[in-house]
Amino acid sequence: MFESVNLLTGALAVAHGWIAVGVFGLLRPNSVRFVGRFLFPLGALGGIVLAVIALLAIQGPIESVVLPLGLPDLPLHARLDPLSAFFLFLLGSASAGISIFGAGYFREGEGTAPGLLCLQFHVFLGSMALVLMADDAYGFMVSWETMALSSYFLVTTQHRIPEIRRAGFLYLLLAHLGAISILLCFGVLQGGSWQFTFDAMRQAQLSPAWASVAFGLAVVGFGAKAGLVPLHVWLPEAHPAAPSPVSALMSGVMLKTAIYGVLRVSLDLLHQPLWWWGAAVLALGLFTALYGVVFAAVQTDMKRLLAYSSIENIGIIFAGIGLTLLFHAFDMQALAGLSLAATLYHCLNHAFFKSLLFLATGSVLHATHERSLGKLGGLMHRMPWVAWLALIGTLAIAGLPPLNGFVSEWLLLQSFLFTPEIPQPFANMLVPLGAAALALTAALAAYVMVKFYGVIFLGRMREPQLAQAQDCGWLERLGLLWLAAGCIVLGLVPSFVLRQLGHVDAFLLGAAGEAHADGIWLLAPISSHRASYVPIVFLLGASVVVTLSVWITKGIYHGHIRRSAAWDCGYPLQTPRMQDTAEGFGYPVRHIFEPFFRMQRKLPSPFDTAPRYRVIVEDWTWFGLYLPVARTVLKTANLIGRLQQGRISVYLLYSFLTLVTLLVIVL
Amino acid sequence: MSLTGILTQLLGVAVAVVLAPLFLGWVNQCRAWLSNRSAPPLTQPYRLIRKLLHKDAVIADSASPLFRVVPYILFGAMVTAAAIIPSLGTNLPFAVAADAIALVGLFATARVFISLAAMDIGTAFGSMGARREMMVGFLAEPALLMVVFTASLICGSTALPTIADTLAGRSLAIYPSLAFAGVAFLMVLLAENARIPIDNPSTHLELTMIHEAMVLEYSARHLALIEWTSALKLFNYVCIGFALFLPWGLARGEENPLALLWALPLLVLKLLLAGAGLALIETVSAKLRIFRAPEFLAMAFMLAVLGLLVRLLLGS
């Protein structure tokens, strides 16, 4: 076995190795070959190593080290405990697939030079690892800001396009609003000791009121990064702007660092959660989930659709955190452990299937130069690799058994079923509605994913030039395969994963919170009498029936097949334009959930010679929240600006007046 | 895993696969009688399946491999579902593999696959049917889940055999929460199985169909499997209804195999009554406009949530 201190050293080495790989990219900044064939695969190797280290560290003892880095009196503290090990595993395993894909993806002449891109990409990876290992507020904030900045540069890779610069600015703005909030949160957490190590924060005794303030600041700060409504507005702008591997990394991995932050603050640094924290986060999470999925259903840009779907998944994860806090506050540790395991499981699942889908959209984008769903279709015939691998991601994200998305949803629904045991009537009432909202969200997610997959890959090609689309290269296939395999494995061996998550549970909630998993294959979190799920047997049963039915129908009868034109009730004139568009497919949701949207419709009159139909669906939060705030800020700035006259005599007058006022106060 | 268990399991699946088309034939017969027509024979669905199996399959030029594998996946999913549902006895070894939530997930898988297959050809009707099916699905699925939750809160388990076993063991009393859930379940059953008032299984009027629009392009053995799957789905739903609301007469626990002999005729009796009731509902109600369907399903959802609240707040 490894020496325990070596694991932390190893993880730190990987993080710095990533940054070094990035710097190597500057050696030959314009060589796609060097960067793609050498540096990116090296980064992927780093990811695998990190995942292995994290897997070993998740059960091991807590390790910490004081690094001889940083400012004179502020050394950096690093620590590896089960919570950070879990998130490091997520980072390493998901980023390995993304890096391999990225090796084949980045091309010449697309914005930033490949060497520079390589630097930004690997600094981004390294800073995420450092965020997860930081053990003091100082190191955490430095890594957090490095992460924000490097991802900002990655989002604006194609910086010559004004919309992309705007999207990047919006992202940077919200990232910094969040960072301020996190900084204030740490300020409250130190509790008067002025020690900013996490250890000091654990010792600090906060009154419930101050603890609530710290918790609220953490939710706002990390929520801005994760995309909680109403702080979600940057996601649907930044994801379409960023190159696909970057979107995959941001959505699949970076959002999870925010989840890590919330868990670290609420379960580790603060000891006793109040029950209403849980209720508030649960409500916020469920609202975010529903909001995200409803908006995803009406999107017409494939990457925006996935961005809204990320918001939905973050909502589900926050609902899980809320449930954990609720159970934890009432000292029901076994149930808190169950919902925490569900939450973490969903984080891991989302990292895999969302990265897979974002990368698949990247391949589609490269092959067709088209992001709009209205101009795609039928790519199953031209790009079978991407299509079949994306199908796995689609089924997984739709929460269908026996893939991974279903397992975490199943665990979360199971924890909801235990909420009647909560001895607090108010929280008790909230919960069935919560379960209903979660079920509705899951069902809507399936709707969204059928739309996503059906419109892009199935049907007939809506534009003639799609017939020239090429399937992706072998490196890209390898990346997609890695992630798809992850979705399958995580779906089929839930009890193994749950046992690892049990270590995190035990670390955060005490030994009583350890999640149970009976046997190797059987998943029965509380007792097998209560509920059980065995995906392997389930899959085997279904496959036996499928094989038998194929064998019987083909063997006993015959296998003749004829090809002919589609029948379609005998309509002779069928064009690809007659298929449902993305707008058409989203119509029922737009109709049923009308109050959610701000819609502008332009209908043609019967006398129009060239009738045009137009509908624009927008987010209420822009018009209800952001624009008024922006206007107020601008007005205030203008008022303050009046002070600025540009003449030195006026400024001297200001100084004189200030002095006089101060003297009056002092005397 | 006992011998009785394996016997109950295999017999349950075999009975489901064999009886499902007959049950559909029975519903059609009752519908014909109620509307004063002369009825087709009980075995009409079987004849249809046999006829289809003998034909050459015709597949559209634009079909992908996905289109061809979907019928088998659907059939596999529905037979797997039948293995989880306690139709004859509650001693089901396979049911450990999946509880009621997984069952709802299994139905969702089938729905997603058939919708993808419908979009695969790229015709106007196919994608329209897929969209409508998914619309019905996203409202019906949470309602079904809430119904299951109500029952599992009463029984303290989400495993369907355990639920049926617990409910069957109790004295004959009406739970108000289960009454709400029962109405919601009936509405979901009608919607999910493409029955009136949401869809009309005997229509091919283009603009109103949902299920039929999705399977327009299938022929021969693929269509035969899909028809069988639809029959099996209806049978499964009815059996879930029996397990949750009329669990009496099931062979419970480790009882001797002879209990199965008693459970089978009772199941047939229940099916005969349920089929007649279904036909009656379909005969006296009219098909809803497609945009009234969400209201119908939202009502089912609300009723199911109400049932859950009644259970939680009043404990009844």
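For the structure, see preceding data.
In this text, all values refer to a predicted model and were calculated from it rather than measured experimentally.

K.L.:
Outline the overall build of chain A, supporting the account with residue identities and numerical values.
P.N.:
Helices and strands together make up the secondary structure of chain A, namely 23 helices and five strands. Against the compact-globule benchmark of 26 Å for 667 residues, chain A has a radius of gyration of 26 Å, which places it among compact chains. Expressed as lengths along the three principal axes of its C-alpha atoms, the size of chain A is roughly 100 × 65 × 60 Å. Burial analysis of chain A (667 residues in total) assigns 59% to the buried set. Sequence separation of 24 or more characterises 79% of the internal contacts of chain A that already satisfy a separation of 6 or more. In the form shown here, chain A has an accessible surface area of approximately 26200 Å², with 68% of it arising from carbon and sulfur atoms. Computed over 38 positive and 32 negative side-chain charges, the inter-centroid distance for chain A is 12 Å.

K.L.:
With reference to specific residues and values, describe the interface of chain A and chain B.
P.N.:
Contact residues are listed per partner, giving 75 residues for chain A and 79 residues for chain B. Overall, the association of chain A and chain B removes approximately 6900 Å² of surface from exposure, summing both partners, and the carbon and sulfur fraction of that is 72%. For R131 of chain B, the salt bridge identified is with D580 of chain A, shortest N-O distance 2.7 Å. In this structure, the connection of chain A to chain B is made through 21 residue pairs in polar contact (both at pLDDT 80 or more). Residue assignment for the side of chain A that touches chain B shows that the elements contributing at least two residues are α14 (379-382), α15 (384-397), α16 (404-416), α17 (425-457), α20 (535-556), β3 (561-564) and α21 (582-592) of chain A. Looking at which element gives the most residues to the side of chain A that touches chain B, the answer is α17 of chain A, with 16 residues. By the bridge criterion, four bridges tie β3 of chain A to strand β1 (residues 57-60) of chain B in an arrangement that is parallel. Residue pairing for β1 of chain B: I561 of chain A is matched across the bridge by A57 of chain B.

K.L.:
Quick one: what's the story with helix α11 (residues 293-314) of chain B, residue by residue and with numbers?
P.N.:
Three or four residues apart is the spacing at which side chains of an α-helix point the same way, because the helix has 3.6 residues per turn. For α11 of chain B, built from 22 residues, the straight-helix expectation of 32 Å at 1.5 Å per residue is met to within 8% by its first-to-last C-alpha distance of 31 Å. Looking only at α11 of chain B, the buried set comprises A293, P294, F296, L297, A300, F301, L303, A304, V305, G307, L308 and V310 of chain B. Residues of α11 of chain B that are buried make contact with α17 and α21 of chain A together with α5 (124-155) and α7 (176-192) of chain B. Just downstream of α11 of chain B, G315 of chain B is the residue with a positive phi angle, here 70 degrees.

K.L.:
Could you give an account of the pattern of salt bridges, with specific residues and numbers?
P.N.:
Residues and elements named next belong to chain B. One pass over the full model with this rule turns up 16 salt bridges over all chains. A salt bridge links R31 to E282; the nearest nitrogen and oxygen atoms lie 3.0 Å apart. Here R31, found in helix α1 (residues 3-34), pairs with E282, found in helix α10 (residues 258-284); they are 251 residues apart in sequence, far enough to count as distant. Of the two residues, R31 and E282, neither departs from the other in class, the shared state being buried.

K.L.:
Describe the environment of A218 of chain A, naming the residues involved and giving the relevant values.
P.N.:
All names here are of chain A. With respect to the helices, strands and loops of the structure, A218 is situated in helix α8 (residues 208-226). On the accessibility criterion, A218 (2% relative accessible area) is buried. Put simply, A218 and I182 are 36 residues apart on the chain and 5.7 Å apart in space, counted from C-alpha to C-alpha. Residues in contact with A218, not counting those within four places in the same chain, are C185, G223 and V265.

K.L.:
Help me get a handle on the packing of aromatic side chains, residues and values and all.
P.N.:
Inspection of the entire model under this criterion finds 42 aromatic pairs over all chains. Ring centres of Y46 of chain B and W228 of chain B lie 6.2 Å apart, and the angle between their planes is 85 degrees; on these two criteria the pair is classed as edge-to-face. Note that Y46 of chain B is positioned in helix α2 (residues 44-53) and W228 of chain B in helix α9 (residues 220-245), a separation of 182 residues in sequence. The exposure class assigned to Y46 of chain B is partly exposed, which follows from its relative accessible area of 26%. Through a chain of ring-to-ring contacts, three or more aromatic side chains come together here, namely F287, Y291, F295, Y308, Y447, F585, F593, F596 and F597 of chain A together with F138 of chain B.

K.L.:
How would you summarise the packing of helix α3 (residues 82-105) of chain A against helix α19 (residues 494-509) of chain A if you had to cite specific residues and measurements?
P.N.:
Residues and elements named next belong to chain A. Close contact between α3 and α19 brings their axes to 8 Å; oriented N to C, the two are set at 145 degrees. Between α3 and α19 the crossing geometry is left-handed. For the pair formed by α3 and α19, the contact residues are P82, L83 and F86 on the first element and L501, H503, V504, F507 and L508 on the second. In terms of residue class, the contact of α3 with α19 is made up of seven nonpolar, one polar and no charged.

Reading the values: the criteria
- Residues numbered from 1 in each chain as written.
- Chains lettered and ligands numbered in written order.
- Predicted model: local features only at pLDDT ≥ 70, side-chain atom pairs only at ≥ 80, totals over all residues.
- Heavy atoms only, no water.
- Helix = DSSP H or I, 4+ residues; strand = E, 2+ residues; numbered from the N terminus.
- Rg over C-alpha atoms; globule rule 2.2 N^0.38 Å.
- Buried < 20%, exposed > 50% of the residue type's maximum accessible area, 1.4 Å probe, protein only.
- Contact = heavy atoms within 4.5 Å.
- Areas by Shrake-Rupley, 256 points an atom, 1.4 Å probe, with all protein chains shown as cover.
- Lys, Arg positive; Asp, Glu negative; His and termini not counted.
- Charge placed at Lys NZ, Arg CZ, Asp CG, Glu CD.
- Buried area = accessible area lost by both parts, 1.4 Å probe.
- Salt bridge = Lys/Arg side-chain N within 4 Å of Asp/Glu carboxyl O.
- Polar contact = N/O pair within 3.5 Å; in protein donor to acceptor, adjacent residues only side chain to side chain.
- Pairing = 2+ DSSP bridges.
- Expected span 1.5 Å × (residues − 1).
- Phe/Tyr/Trp six-rings, centres within 6.5 Å; stacked < 30°, edge-to-face > 60°.
- Axes fitted to C-alpha atoms, helices over the stretch in contact; angles between N-to-C directions.
- Left-handed = near helix turned anticlockwise from the far one by under 90°.
- Nonpolar A, V, L, I, M, F, W, Y, C, P; charged D, E, K, R; others polar.

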